[in-house]
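The residues making up each chain are set out below.
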Amino acid sequence: MATYSFENIIAWQKAHAFRLQVYLITKVFPDEERFGLTSQFRRAAVSIGANIAEGYKKLSKADKLRFLNISEGSIEECRDYIILARDLNYINHEQFMILHDSIEETSKLLIAYCKGIINNNGIKD
């Protein structure tokens, strides 16, 4: 018998990979950003996967989608931090592209997951 959990959701897997990248890359941000951009960026990156996980166990579509919408908001917040980090020269072009591509993939998968829930796929209201 297969065990299912939020860890089986591909969008969560990509969100988790993204947050690990954020933690690795922000380790070298300036010390004065520890309670600023570094903290905010990490918090938003963590929020993406955490809200996918929390929404996974919600019983109604509306509850599931509310948590997934929070994840979508955190994705947009991270997009902004990626641009800001680039413009402040905290990350180089290669790091920018890694984060950019990772957040894009996460976003697309999360949208597809939401559409699956909206189209019912066995989930009741």
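Our subject is the structure that appears above.
Starting from 1, residues in each chain are numbered consecutively following that chain's sequence as written. For a predicted model such as this one, the threshold for reporting local features is a pLDDT of at least 70, and the threshold for listing and counting side-chain atom pairs is 80 or more; totals across whole chains, interfaces and linings nevertheless cover every residue. With hydrogens and water set aside, each side-chain value is computed from the structure's full complement of heavy atoms.

**Quick word on the packing of helix α1 (residues 10-26) against helix α4 (residues 93-118)**
As a packed pair, α1 and α4 sit with axes 8 Å apart at the nearest point and diverge in direction by 160°. Here α1 is positioned roughly antiparallel relative to α4, judged by the angle of their axes. In this structure, α1 meets α4 at a crossing whose hand is left-handed. For the pair α1 and α4, the contacting residues are Ile-10, Ala-11, Lys-14, Ala-15, Phe-18, Gln-21, Val-22 and Ile-25 in the first and Gln-95, Ile-98, Leu-99, Ser-102, Ile-103, Glu-105, Thr-106, Leu-109 and Leu-110 in the second. Polarity classes work like this: nonpolar for Ala, Val, Leu, Ile, Met, Phe, Trp, Tyr, Cys and Pro, charged for Asp, Glu, Lys and Arg, and polar for all others, with Gly in that last group. Broken down by class, the residue content of the contact of α1 with α4 amounts to 11 nonpolar, four polar and two charged. Axis geometry follows a simple rule: fit a line to the C-alpha atoms, using only the stretch in contact for helices, then measure angles between N-to-C directions, giving values from 0 to 180 degrees. Helix numbering and strand numbering both begin at the N terminus, where a helix is a DSSP run of H or I of at least 4 residues and a strand a DSSP run of E of at least 2. Note on terminology: angles under 35 degrees are roughly parallel, angles over 145 are roughly antiparallel, angles of 65 to 115 are roughly perpendicular, and the others are oblique. Note on convention: near helix rotated counterclockwise from far helix by under a right angle means a left-handed crossing. Clockwise means right-handed. We call two residues in contact whenever any of their non-hydrogen atoms come within 4.5 Å of each other.

**Some details on the nonpolar core**
Judged by nonpolar contacts, the single largest core of 29 residues is most densely connected at Phe-18, Phe-29, Phe-41, Ile-48, Ile-52, Cys-78 and Leu-99. Among the secondary structure elements, those contributing two or more residues to this core are α1, α2 (37-56), α3 (61-87) and α4. At seven residues, α2 tops the list of elements feeding residues into this core. When neighbours within four sequence positions are excluded, Leu-99 is seen to be in contact with Phe-18, Gln-21, Val-22, Ile-25, Phe-41, Ile-82 and Ile-91. For this analysis, a nonpolar core means a set of buried residues of the types Ala, Val, Leu, Ile, Met, Phe, Trp, Tyr and Cys, connected via side-chain atoms within 4.5 Å. For the exposure calls, accessible area comes from a 1.4 Å probe over protein chains only, and a residue counts as buried if that area is under 20% of its type's maximum, exposed if over 50%, partly exposed in between.

**What about the side chain of Ser-107?**
If you trace the backbone, Ser-107 turns up in helix α4. Of the residues examined, Ser-107 reaches a relative accessible area of 11% and is grouped as buried. In this structure, Ser-107 is in contact with Ile-75 and Arg-79, ignoring residues within four places of it in sequence.

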